[in-house]
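Fold and geometry: a report
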Amino acid sequence: MDAALDVVGGKWKALILWALFEGPLRFGALRREVPGISEKILIMQLREMEAAGLVHREVHEQVPPKVEYSLTAFGQSLNTALMPLGEWGEEHMDRILAIPRD
């Protein structure tokens, strides 16, 4: 469990993985799919995920440059492993929202 949480730890990585589930996205589209994330944090998280082998960054040589992000096979396998957790969250959303927070 520690190894898996180390790879996907933090608030944003699982949401980025989820957003890329349907297929490749350009940076702006990815940012729109992950509401609340800043540009700086998204860049940082994508770099970490690319270094971990979860995300592939493809630069298309054109003017202006086009960059697309997609899941690697490793990233897809992690996304598959996270799906039951997402389903659990949806099933218990009312109870989760009712939990008092600071």
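Because the structure is predicted, anything quoted here is derived from the model rather than measured.

1. Observations regarding the environment of Val7
Structurally, Val7 is set in helix α1 (residues 2-8). C-alpha of Val7 to C-alpha of Glu48: the two residues are 41 residues apart in sequence and 9.2 Å apart in space. Setting aside its immediate chain neighbours within four residues, Val7 contacts Lys13, Leu54 and Leu78.

2. Points about the confidence of the model for the chain
In low-pLDDT segments, the atomic positions of the prediction should not be examined closely. Within the chain, residue pLDDT values average 92, and 100% of them lie at 70 or more. For the chain, α1 is the element with the lowest average pLDDT, namely 85, and strand β1 (residues 25-26) is the one with the highest, namely 96.

3. A word on the nonpolar core
Ile16, Leu20, Leu30, Leu46 and Tyr69 are the most contacted members of the largest nonpolar core, which totals 21 residues. Counting only elements with at least two residues in this core, the list comes to α2 (13-19), α3 (27-33), α4 (39-51), β3 (66-71) and α5 (73-91). With residues up to four places along the chain from it excluded, the contact list for Leu30 reads Ile16, Ala19, Leu20, Leu25, Leu42, Leu46 and Tyr69.

Calculation notes
Residues numbered from 1 in each chain as written. Predicted model: local features only at pLDDT ≥ 70, side-chain atom pairs only at ≥ 80, totals over all residues. Heavy atoms only, no water. Helix = DSSP H or I, 4+ residues; strand = E, 2+ residues; numbered from the N terminus. Contact = heavy atoms within 4.5 Å. pLDDT = per-residue confidence, 0-100. Core = buried A, V, L, I, M, F, W, Y, C linked by side-chain atoms within 4.5 Å. Buried < 20%, exposed > 50% of the residue type's maximum accessible area, 1.4 Å probe, protein only.

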